[in-house]
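As a plain string of letters, each chain reads:
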Amino acid sequence: MRVLMIAPPGAGKGTQGALIAAHLGVPHIATGDLLRDHVARQTGLGRAVRQHLERGELVPDEIVLEMVREAAVAAKAAGGGYVLDGVPRNMTQARALYLMGRELGMTAQVALHLVADDHELMRRLLARAALEGRSDDTEVVIRRRLSLYREVTHPIVAWYAERGILLSVDAMRPVEQVAREILTALEPMRDAAQMQGAIDFTSLGASFGHTTSAASPSG
Ligand code: AP5
Ligand code: MG
C-alpha cells in the first residue's frame, strides 16, 4: 500500500509513519531523517542543506525530489509499497511527486493528514528538544516551521481531497488512539488496493477518500 503524510511539525508523522510502515510491511521514507543523516555524515548534500534545516527553511525542491526518487525506486524493488513522511511540502513537490508516481506506477493511494493545533505542536516539540536536542527544535525555529507549514504545505491538502484520496485524522489524542484510528481506516483501503492491483486510485474519487474526521483550518 502507498501512503503519504501531510502534517505540521510535531503532529506525529515520524511516530505514526513508523507504526503504519511496520503494520503494512513497507519502507518508511522520511525526508527529514534522510537529510539529517546526510548532515551528520557531512556529505556534500549534507553540507548544502545544513543551514536550511537549522533555520527551519525548506531545502530546494530539486534536492529533495532527487533523494525521494532514489528511495521510491528502492521501494519499488522491495514490493512497491511505502509510507512517505515529510514530502510533499509545497505544490511544486506535490505535482512532481505525482508525475514520478505515474512514471514508476506507484502514485499514492492515501494522503494521510494529521490535524493538531499549534499550541499542542509547540508543546510536543519543546518536550522533544529537552530529550533529543534536534537543531531545529528551538522556539524561534519551531515558529518558522509552523508558519511555513500553514503558508505552503497545508494548501496542498485540498488537492488531495479533490483527487479523492484524503484521510484526515484528529492527531490531538494519545499516540495509541491516533494509530488505532489510522490503521482501522486503512484496512479496507488496503484490501481494495490488493484487489485492484496497479489501477490508479485517483480515478475512484471521494468514495475512496474515507474522511474519518473533518479537517480543521488549523490542521
Ligand atoms: P522533518 O524532519 O520532516 O520535520 P517536521 O516536519 O518539522 O516534523 P517533525 O519531525 O518535527 O515532527 P513529526 O510530525 O515527525 O512528529 P513526531 O512523530 O516526531 O523536516 C525537517 C526539516 O527538513 C525541514 O524543516 C526542512 O528544512 C527539511 N525538509 C524535510 N522534508 C523536506 C521537503 N520535502 N522539502 C524541503 N525541505 C524538507 O512527534 C513529535 C514529538 O511529539 C515526539 O517527541 C513524539 O514522541 C511526540 N508525539 C507524537 N505524537 C504524539 C501524540 N499523539 N501525543 C503526544 N505526543 C506525541
Ligand atoms: Mg518527523
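Scroll up a little and you will see the structure.
All residue numbers refer to position in the chain's written sequence, counted from 1. Chain letters start at A and ligand numbers start at 1, both assigned in the order the entries are written. Where local features are concerned, this predicted model is filtered to residues with pLDDT of at least 70; where side-chain atom pairs are given and counted, the filter is 80 or more; whole-chain, interface and lining totals use all residues. To get the side-chain values, take all heavy atoms of the structure and skip hydrogens and water.

K.L.:
Just to check I follow, could you spell out the overall build of the chain for this structure?
P.N.:
We count a stretch as a helix when DSSP gives it H or I for four or more residues in a row; a strand needs E for two or more, and each element gets its number in order from the N terminus. Within the chain one finds nine helices and five strands. Listed by position from the N terminus, the elements making up the chain come as β-α-β-α-α-α-β-α-β-α-α-α-β-α. Evaluated residue by residue, the chain yields a buried proportion of 47% over its 219 residues. Two residues qualify as a contact provided that any one of their heavy atoms is within 4.5 Å of a heavy atom in the partner residue. Taking as baseline every contact in the chain between residues at least 6 positions apart, the subset at least 24 positions apart corresponds to 78%. Carbon and sulfur atoms make up 56% of the accessible area of the chain, which totals about 10300 Å². Three exposure classes are used, based on accessible area relative to the maximum for each residue type with a 1.4 Å probe and protein chains only: buried under 20%, partly exposed in between, and exposed over 50%. Per-residue and other accessible areas were derived by the Shrake-Rupley procedure at a 1.4 Å probe size, with only the shown protein chains allowed to occlude residues.

K.L.:
Got a minute to help me understand the site of ligand 1 in this structure?
P.N.:
For each residue, the test is whether any non-hydrogen atom lies within 4 Å of the molecule or strand; if one does, the residue is near. In the neighbourhood of ligand 1, 32 residues make up the surrounding shell, with Thr15, Glu57, Arg89, Arg128 and Arg145 lying closest. Here a polar contact means two N or O atoms within 3.5 Å. Within protein one must be a hydrogen donor candidate and the other an acceptor candidate, and residues neighboring in sequence count only if both atoms are side-chain atoms. A distance of 2.9 Å separates an oxygen atom of ligand 1 from a polar atom in the backbone of Gly14. Measuring from an oxygen atom of ligand 1, one finds a side-chain N or O atom of Thr15 at 2.5 Å. Taken by itself ligand 1 offers 1000 Å² of open surface, and the protein chains cover 88% of this. When contributions to the shell around ligand 1 are tallied by element, the ones reaching two or more residues are α1 (13-24), α2 (31-41), α3 (44-55) and α6 (118-132). Top contributing element to the shell around ligand 1 by residue count: α2, with four residues.

K.L.:
Mind showing me how you'd approach the side chain of Asp61 here?
P.N.:
Relative to the helices and strands, Asp61 resides in helix α4 (residues 61-77). Arg89 provides the closest opposite charge to the buried, unpaired Asp61, separated from it by 9.2 Å. Look past the residues within four positions of Asp61 in its chain and what remains in contact with it is Asn90, Thr92 and Gln93. Charged residues are defined here as Lys and Arg on the positive side and Asp and Glu on the negative side; His and the ends of the chain fall outside this count. Here, a salt bridge means any Lys or Arg side-chain nitrogen found within 4 Å of an Asp or Glu carboxyl oxygen.

K.L.:
Even after reading the chapter, I still don't get the sheet that holds strand β1 (residues 2-6), so can you show me in this structure?
P.N.:
Remark on secondary structure: sheet strands pair via backbone hydrogen bonds, oriented parallel or antiparallel. Here, a strand pair is defined by DSSP locating no fewer than two bridges between the strands. Pairing in this open sheet of five strands is parallel, and the strands run β2-β3-β1-β4-β5 from one edge to the other. Edge strands, defined here as strands with exactly one partner in the open sheet, are β2 (28-30) and β5 (166-170). For this sheet, the mean angle separating the axes of adjacent strands, direction not counted, is 20°. Note that strand β4 (residues 110-115) and β5 share five bridges and pair parallel. What sits directly across from His113, in β5, is Ser168. Angles run from 0 to 180 degrees between N-to-C directions of axes, and those axes are lines fitted to C-alpha atoms, restricted for helices to the stretch in contact. Lying over the sheet, helix α8 (residues 156-163) contacts β1, β4 and β5, oriented at roughly 145° with respect to β1.

K.L.:
I'm lost on the pattern of salt bridges in this one. Help?
P.N.:
Side chains that differ in sign of charge can pair as their charged atoms come close. Scanning the entire structure with this criterion turns up 16 salt bridges. Each of Arg128, Arg134, Asp136, Asp137 and Arg145 takes part in salt bridges that share partners, so that together they form one network.

K.L.:
Is there a simple way to think about unusual backbone geometry in this case?
P.N.:
Cis rather than trans, the peptide bond between Val87 and Pro88 has omega equal to 5°. A positive phi is found at Gln42, a non-glycine position, where the angle reads about 55°. With respect to the helices and strands, the residue Gln42 is situated in the loop between α2 and α3. Overall, the relative accessible area of 57% leaves Gln42 in the exposed class.

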